[in-house]
Amino acid sequence: MAAVGAAMAAVGAAMAGSAPASVAAVVVEGGGYRWSSRGFMGAHLFPVSPSCSIRSKKPSPHQKRAQTRRISRKSPTVGLDRSSMDNTKSVPENNLELPSASPNDITNDPELATFNGNTELFGGAEVMEQSNMDEVGEDIQIVKRRQNDNQKRHSGIQVEDLISMIKGAEKELDQVHAEKESLQGEIDLLSTRLAETDARLKYAAQEKIKNELLADEVEILKKEIAERESIWKDGKDLKVNNTTIKEHVSQSPIIAGELKALAAENESLKEEVKVLKSKLIEISKNGQYIAEMEKERLALEESTKQLQSKLVIAEANASDLAKVKSECQVLQRKVEHLQAELEKSTERMLLPDDITSKNQALQEKIDRLEEALAQAQVDKSLLEQTQEKNLLLNEQIKLLEQRLLESDNDIKAQLQIYQEEVQAFQRSLEQLKHENNKRFLDGPVQDLPWDFWSNLLLCLDGWMLEKKMAFDDAKILRDMAWRRESRIRDAYAQCKDKNEKDIIANLLKLIKASTRPGLHVVHIAAEMAPVAKVGGLGDVVTGLGKALQKKGHLVEIILPKYDCMDYSRVKNLKVLDMQIDSYFDGQLFKSKVWLGTVEGLPVYFIEPHHPAKFFWRGQFYGEGDDFRRFTFFSRAALEFLLQSGKKPDIIHCHDWQTAFVAPLYWDIYAPQGLNSARIAFTCHNFEYQGTESAAALASCGLDVQQLNRPDRMQDNFRHDRVNAVKGGIVFSNIVTTVSPTYAEEVRASEGGRGLHLTLAAHSKKFLGILNGIDTEAWDPSTDPLLDFQYSANDLNGKAENKAALRKFLGLAASDARIPLVGCITRIVPQKGVHLIRHAIYRTLECGGQFVLLGFSPIPHIQREFEGIANQFCEHPSIRLILKYDEVLSHYIYGASDIFIIPSIFEPCGLTQMIAMRYGSIPVVRRTGGLNDSVFDVDDETIPAKIRNGFTFSAADEQGLNHALDRAITYYRKKPNWWLELVKKVMMIDFSWDSSASQYEELYEKALARARSQQAHISSSTR
């Protein structure tokens, strides 16, 4: 009954205004029961556990005994906590709440397990006395009558005017409060009685549990008897034991008495349950009356609240209240007047409708006055807010004006200082220009940068091609610039700020007989570092060109004008006012010619105006029509040389992309007068040969029938295809590759990729020349991309770069003596993918750190290394950067202690030379150019002075382990020896000087043979 009492307390709390009227469901817990109601209608009363869950499982005897002990130690609850009744709230979703039902459903609900016979959940202990129920019903009737009287008293209230409403409201409020207190006292009394009934129910529940324990013990005894009867059927002891057990049961007066008492008590409980059900039905009916009274009370409270709110509003503002009072007085007078008129009209027997209409009119006026009053208050509050905002804005405006004035003064002061500095800078600039011109004219011509001479040569070519200067005059001036004569420097410097016409006129004054100092070499290539670089080809074109230029030769480069070039590295880029017509696909296509200087070399860029937009693809290679793209370019480059009137001594073409130059030159352009040159062809990698169907050659004007022959351009494997590299070998006067060892390897069938027989047939003109590196671009003492510069004489910067790289990549930096192994490469099968992968894990096993920079154009290889990178993304010793980053490559060269290059084959390789230039000791496989530039420190057959690294032969993990383990061991155990080795390799000369001299010698021999043959032909014709 504690739950019933709590529910009634909730009803009282709602009447007192402590609970919202919109509560949809109230759940009160107490004494092990839950009362759940919706609008106080159709309630359930059911037992729950302390955790508010219904248990349908029969408790064990041990649990029942423990429960009996706990209940026996506690006193029954008599009263209820008022806080639990006042703080009634809705149940969360996870609490148990049963739907509302009629009282008859209590016995039919299986979850409630109504007592029937030997019930286990709803026992006979739940008793509600008839007398208590009668008292509850009487109290409810009293409350109902009072609420009805209250409703009748207030329902007749009509608002006749504002003054009577306010006064009446005050009286009604006092009455309501008094009745509320009276109702609260009555409800408290009901709660107390219900609490007492609940305590009696608890006591009955304890007795029920005791009865259940006794029943369980009887059941246990019965089971023991049954078990013993089944086991001892044939034994004499069976009868004795059964007799003993029965006697034991009959001799136990406690059990027998309790069983009889249990049966009698069960019968009484059944009767009490029936009484309880009838009372619950009466309570549900009374609940309806209570709900109706609650609605009436809420309506009364709402009217009271409205009157109170109006009273508060009236008292809020003194001035407004005075106005209202005055208006009330006016209304009072009007009311008196109306009453007088009412009396008169009563006497005159006025119709009731007239009175009603006048009252309505009066009510409308009152409503309008109330609305005007409310609007006035709103306007007043808005006005106050607006005034506050205006004050705040005025303050902010003043502050901003003050700050603006201060900033104006600062700007004026800074502007004055800036103007003074600009004037001083202009004076200094004029002085520097004057001094520079003086040094320019007085200094030796050898000190002038190559950019000056290359730009001058390009200007002369441009004027000649644009017909602004005669060809012969331009040729003489080019020779003077070629020889770097001071007079042409002086003449150009004196008029370089003048217009173009004056410059040309001044230079033409210098023309007179002169002799050419060196060779005129034109490189036609698909790459050039740094503007269009994919691999080592671009480095070779730039490095060899600069080295030949330093030796006094005129070197020019012809490139395609890619849309993806690095135009920021091209100086003085401009387009010539001329176009060349080049044959392709049976018609002539125009091409623009651009010129500029790159790394001090004059460069011509061919821009085809072909509908296929050959070089506007966003990449250098990798297009499906690469064969057509570069046959077009090769012919356009030769067309430019022909139309410009150039007479080069050497035309040097590179790789399959420009190998077409050789057959085009001899078959088409030599007969047209471009016959002064010898053709040199360099294959940088025989793996890429440029094969295509023979018919594709016809696009550029070559004779397919003449060239698709075994001794010319026919591919050695597929006879319906032509091979561009084979054409370059057959039709060139000089054939080279990029290292002596690679030249030997390609003479074999495996290394030559099918061209070994062609190379054997042309072996007299084929040799390998080791590439060099640009020692000006790759110089750790001046490298601007390094945080710390260093040299062989001062290696402190290398250690600082190592620490900086570790910090940048997030590698462990606690021990500076941990060796850092670097690797910069394209991750392709040629570079030894499996060995690179193994080197990562081997370095980790040896306690070193590993940094890889590179990417793979092969998707599955790229994905594999991305997986490795993810595996070591936060590892303190391993980092993989799967892209190419020029700046980061300089960092890795400058920071690494060991540099690994485990290539399967390597035509030349430049990374090992750059690594040694930066003091990183190479670990390489002996192949190609690696074998020609790295010599093992432990190889006694090699002179000690040239030993510079660690090498291995077999392309397997054991070979790599042997070399890498030795390098890491020497680094750790021989620090002084290692330091000397670093200094030694940094001083090795890997510049292009030696290689350029070999090319220079080849050029001279080829030209000498050509002159000898020409002399022989001339003598024969005589």
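Keep in mind the model is a prediction, meaning the values are calculated, not measured.

A separate point is the overall build of the chain. Along its length, the chain carries 32 helices and 20 strands. Here the chain holds 1022 residues, and the buried ones make up 45% of them. Taking all contacts inside the chain whose residues are at least 6 apart in sequence as the whole, residues at least 24 apart take part in 74%. Carbon and sulfur atoms make up 53% of the accessible area of the chain, which totals about 52600 Å².

Taken together, 9 strands build an open sheet; the order of strands is S6-S7-S8-S5-S4-S9-S10-S13-S14 and the sheet is mixed. The open sheet has two free edges, formed respectively by strand S6 (571-584) and strand S14 (766-768), since each of these has just one partner strand. Within this sheet the neighbouring strands show an average axis-to-axis angle of 25 degrees, counted without direction. When strand S10 (residues 678-682) meets strand S13 (residues 734-737), the two strands line up parallel, connected through 3 bridges. By the bridge assignment, Phe681 is partnered in S13 with Val735. Sheet contacts for helix H16 (residues 626-644): strand S4 (520-524), strand S5 (554-560), S6, strand S7 (587-598), strand S8 (601-608) and strand S9 (650-654); angle to S6, the most-contacted strand, approximately 105 degrees.

The subject of this paragraph is the packing of helix H13 (residues 486-495) against helix H14 (residues 500-508). In contact at an axis separation of 9 Å, H13 and H14 are set at 155 degrees when each is read in the N-to-C sense. Put simply, H13 runs roughly antiparallel to H14. In this structure, the crossing between H13 and H14 has a hand that is right-handed. Contacts between H13 and H14 involve Ile488, Ala491, Tyr492 and Cys495 from the first element and Ile503, Asn506 and Leu507 from the second.

Mean pLDDT over the chain works out to 78, with 69% of the residues at or above the 70 mark. Taken as a whole, residues 64-132 scores under 50 in pLDDT and shows 131 contacts with residues more than four places along the chain or in a different chain. Ignoring residues within four places in sequence, the model shows residues 154-159, a span with pLDDT below 50, making 7 contacts including any to other chains.

Another point: the packing of helix H25 (residues 833-845) against helix H26 (residues 859-871). Direction vectors running N to C along H25 and H26 enclose 5 degrees, while the axes themselves pass 12 Å from each other. Taken together, the axis directions place H25 and H26 in an arrangement best described as roughly parallel. Residues Val833, Ile836, Arg837, Ile840 and Tyr841 of H25 touch H26, and the partners they reach there are Ile861, Glu864, Phe865, Ile868 and Gln871. Here the contact of H25 with H26 is built from residues that sort into 7 nonpolar, 1 polar and 2 charged.

Structurally, the position occupied by Asp779 is in the loop between S14 and helix H24 (796-809). Residue classification places Asp779 among the buried residues on the basis of a relative accessible area of 17%. Polar contacts involving the side chain of Asp779 include one to the side chain of Ser781, which spans 2.8 Å. Setting aside its immediate chain neighbours within four residues, Asp779 contacts Arg917 and Tyr918.

This part is about the sheet that holds strand S20 (residues 950-952). Read across the sheet, 6 strands follow the order S17-S16-S15-S18-S19-S20 without closing on themselves; strand pairing throughout is parallel. Sheet topology places strand S17 (878-881) and S20 at the edges, where each strand pairs with a single neighbour. When strand polarity is set aside, the average angle formed by the axes of neighbouring strands in this sheet is 15 degrees. By the bridge criterion, 4 bridges tie strand S18 (residues 898-901) to strand S19 (residues 921-925) in an arrangement that is parallel. Across the sheet, residue Ile901 finds its bridge partner in S19, namely Val924. Sheet strands touched by H25: strand S15 (820-824), strand S16 (849-853), S17, S18 and S20. Its angle to S16, the strand with the most contacts, is close to 155 degrees.

Once that is clear, we can look at H25. With 13 residues, H25 ought to run about 18 Å at 1.5 Å a step, and its terminal C-alpha atoms sit 19 Å apart, in line with that. Taken together, the buried positions of H25 are Val833, Leu835, Ile836, His838, Ala839, Ile840 and Thr843.

Below, the discussion takes up the packing of aromatic side chains. Within the structure shown, the criterion is met by 28 aromatic pairs. Between Phe686 and Tyr742 the ring centres are 6.1 Å apart and the planes differ by 50 degrees, which places this aromatic pair in the tilted class. Of the two residues, Phe686 is situated in the loop between S10 and strand S11 (691-693) and Tyr742 in helix H21 (residues 740-745); the sequence distance between them amounts to 56 residues. The class for Phe686 is buried, based on a relative accessible area of 0%. Relative accessible area serves as the criterion here: at 2%, Tyr742 is assigned to the buried category.

In this structure, S6 lies alongside S7, joined through 9 bridges in antiparallel fashion. Bridge assignment links Phe584 to a residue of S7, and that residue is Gln587. The turn joining S6 and S7, which pair antiparallel and follow one another in sequence, is formed by 2 residues; a positive phi near 55 degrees is taken by Asp585. Pairing of S7 with S8, which is carried by 8 bridges, proceeds in the antiparallel orientation. In the sheet register, Gly596 faces S8, and the bridge partner there is Val603. Joining the antiparallel neighbours S7 and S8 is a turn of 2 residues, in which Glu599 adopts a positive phi near 55 degrees.

Each value, and the rule that gives it
Residues numbered from 1 in each chain as written. Predicted model: local features only at pLDDT ≥ 70, side-chain atom pairs only at ≥ 80, totals over all residues. Heavy atoms only, no water. Helix = DSSP H or I, 4+ residues; strand = E, 2+ residues; numbered from the N terminus. Buried < 20%, exposed > 50% of the residue type's maximum accessible area, 1.4 Å probe, protein only. Contact = heavy atoms within 4.5 Å. Areas by Shrake-Rupley, 256 points an atom, 1.4 Å probe, with all protein chains shown as cover. Pairing = 2+ DSSP bridges. Axes fitted to C-alpha atoms, helices over the stretch in contact; angles between N-to-C directions. Parallel < 35°, antiparallel > 145°, perpendicular 65-115°, else oblique. Left-handed = near helix turned anticlockwise from the far one by under 90°. pLDDT = per-residue confidence, 0-100. Nonpolar A, V, L, I, M, F, W, Y, C, P; charged D, E, K, R; others polar. Polar contact = N/O pair within 3.5 Å; in protein donor to acceptor, adjacent residues only side chain to side chain. Expected span 1.5 Å × (residues − 1). Phe/Tyr/Trp six-rings, centres within 6.5 Å; stacked < 30°, edge-to-face > 60°.

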